[in-house]
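Residues per chain are reported as follows:
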Amino acid sequence: MSTTHFGFQSVDEKDKARHVRGVFDSVASRYDVMNDLMSGGLHRAWKAYTVMVANLREGSQVLDIAGGTGDLSLAFSKKVGATGRVVHTDINEAMLRTGRDRLIDAGVVLPTLVCDAEKLPFPDAHFDVVSVAFGLRNMTHKELALAEMCRVLKPGGKLLVLEFSKVAKPLEKVYDWYSFNVLPKLGKLVAGDDASYRYLAESIRMHPGQEELKSLMQKSGFGHVDYHNMTGGIVALHVGIKC
Ligand SMILES: C[S@@+](CC[C@H](N)C(=O)[O-])C[C@H]1O[C@@H](n2cnc3c(N)ncnc32)[C@H](O)[C@@H]1O
């Protein structure tokens with residue numbers, strides 16, 4: 001049996017996606033309010049920066065992977081004009097439904113598709129930009145997912161990976177205290193689920209740091225990779241160019 005991590009637990013590789021589904025089925029309806037509370041609204045700035053770096057133009061073809069409740073898809077849709085297209089995807093139906101409802105409420109109709117990042121149902125060299133925000137950490141075979149993202153990008157196309165990363169040393173203690181003491185309690189109070197927010201804290205610690213993710217992206221086919229730390233490395237935006 002091949003094992004992998006689910007937070008700090010070791011689970012059968014075949015079961016990780018089911019465990020992750022449980023987390024997002026449970027939190028979907030309270031996901032957005034929890035994001036604002038947990039990050040003090042900072043996730044909006046991290047995403048706004050990602051949209052700026054995407055540098056989309058009229059006609060851009062964009063794939064939002066693990067798009068969840070649709071923050072990036074919504075922002076991208078305002079940039080690509082009538083000739084561009086943003087495809088909003090996620091493996092989890094509950095997250096995708098919540099996102100689709102939000103998009104419709106905002107007057108935006110996009111193709112919304114259930115799909116697994118590890119087996120993307122798109123042809124080679126199809127998109128100008130692919131994004132994955134806070135999703136890669138949850139995937140079982142990250143290298144496979146990154147290779148799929150590279151495959152569907154056009155040559156010269158850009159992958160944006162927005163993800164929790166390794167914090168700067170002086171922040172470590174207070175960040176650990178916040179993650180393991182405050183987050184689960186907040187999760188219990190607001191979403192009625194402490195376990196999912198304990199998983200969040202644990203999965204962040206198990207995720208590759210800035211340099212490790214950069215080399216994973218290079219191994220997965222990206223010729224040029226750079227990253228931008230935000231909020232002391234709590235989050236990093238990795239940008240990979242297919243070349
Ligand atoms: C923390 S949410 C991020 C949602 C959104 N991108 C955001 O930034 O608010 C992580 C998302 O990753 C999705 N996910 C996990 N594994 C996936 C996979 N293999 N393929 C596609 N999506 C996946 C989950 O269903 C979940 O909606």
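As shown above, the structure is provided for reference.
Read on for a plain summary of the structure. (Residues numbered from 1 in each chain as written. Predicted model: local features only at pLDDT ≥ 70, side-chain atom pairs only at ≥ 80, totals over all residues. Heavy atoms only, no water.)

To continue, consider the packing of aromatic side chains. If you walk through the whole model with that rule in mind, you get six aromatic pairs. The interplanar angle of 50 degrees and the centroid separation of 6.3 Å between the aromatic rings of Trp 46 and Phe 134 together place this pair among those described as tilted. Linking Trp 46 in helix α3 (residues 42-54) with Phe 134 in the loop between β6 (127-133) and α6 (142-152), this pair joins segments that are 88 residues apart in sequence. Taken as a pair, Trp 46 and Phe 134 share a single burial class, namely buried. (Phe/Tyr/Trp six-rings, centres within 6.5 Å; stacked < 30°, edge-to-face > 60°. Helix = DSSP H or I, 4+ residues; strand = E, 2+ residues; numbered from the N terminus. Buried < 20%, exposed > 50% of the residue type's maximum accessible area, 1.4 Å probe, protein only.)

Turning next to the side chain of Ser 220. By secondary structure assignment, the location of Ser 220 is in the loop between α9 (210-219) and β8 (224-230). What makes Ser 220 buried here is its relative accessible area of 9%. Reaching out from Ser 220, the side chain makes a polar contact with the backbone oxygen of Leu 216 at a distance of 2.7 Å. Apart from the residues within four sequence positions on either side, Ser 220 is in contact with Glu 143, Leu 146, Ala 147 and Cys 150. (Polar contact = N/O pair within 3.5 Å; in protein donor to acceptor, adjacent residues only side chain to side chain. Contact = heavy atoms within 4.5 Å.)

What follows concerns the site of the ligand. Neighbouring the ligand are 20 residues, the closest being Tyr 31, Ala 66, Asp 90, Ala 117 and Ala 133. Measuring from an oxygen atom of the ligand, one finds a side-chain N or O atom of Tyr 31 at 2.8 Å. Among the elements of the structure, α1 (16-27) and α2 (31-39) are those that each provide at least two residues to the shell around the ligand. Looking at the shell around the ligand residue by residue, the classes come out as eleven nonpolar, six polar and three charged. (Near = heavy atom within 4 Å. Nonpolar A, V, L, I, M, F, W, Y, C, P; charged D, E, K, R; others polar.)

Turning to the pairing of strand β4 (residues 85-90), a few remarks are in order. Residues in a regular strand project their side chains so that they alternate between the two faces of the sheet. The buried count for β4 comes to five of six residues, which makes it a mostly enclosed element. Two elements, strand β3 (residues 61-65) and β4, share four bridges in a ladder whose sense is parallel. Counterpart to Leu 63 in the pairing with β4 is Val 87. In this fold, the crossover linking β3 to β4 by way of helix α4 (residues 71-77) has right-handed handedness. (Pairing = 2+ DSSP bridges. Right-handed = clockwise from strand over helix to strand, strands pointing away.)

Here we have seven strands laid out as an open sheet, ordered β5-β4-β3-β6-β7-β9-β8, and mixed in their pairing. On the outer flanks of this sheet lie β5 (112-114) and β8, each paired with one strand and no other. Along the sheet, successive strands turn relative to each other by an average axial angle of 20 degrees, direction set aside. (Axes fitted to C-alpha atoms, helices over the stretch in contact; angles between N-to-C directions.)

By themselves these figures say nothing about function.
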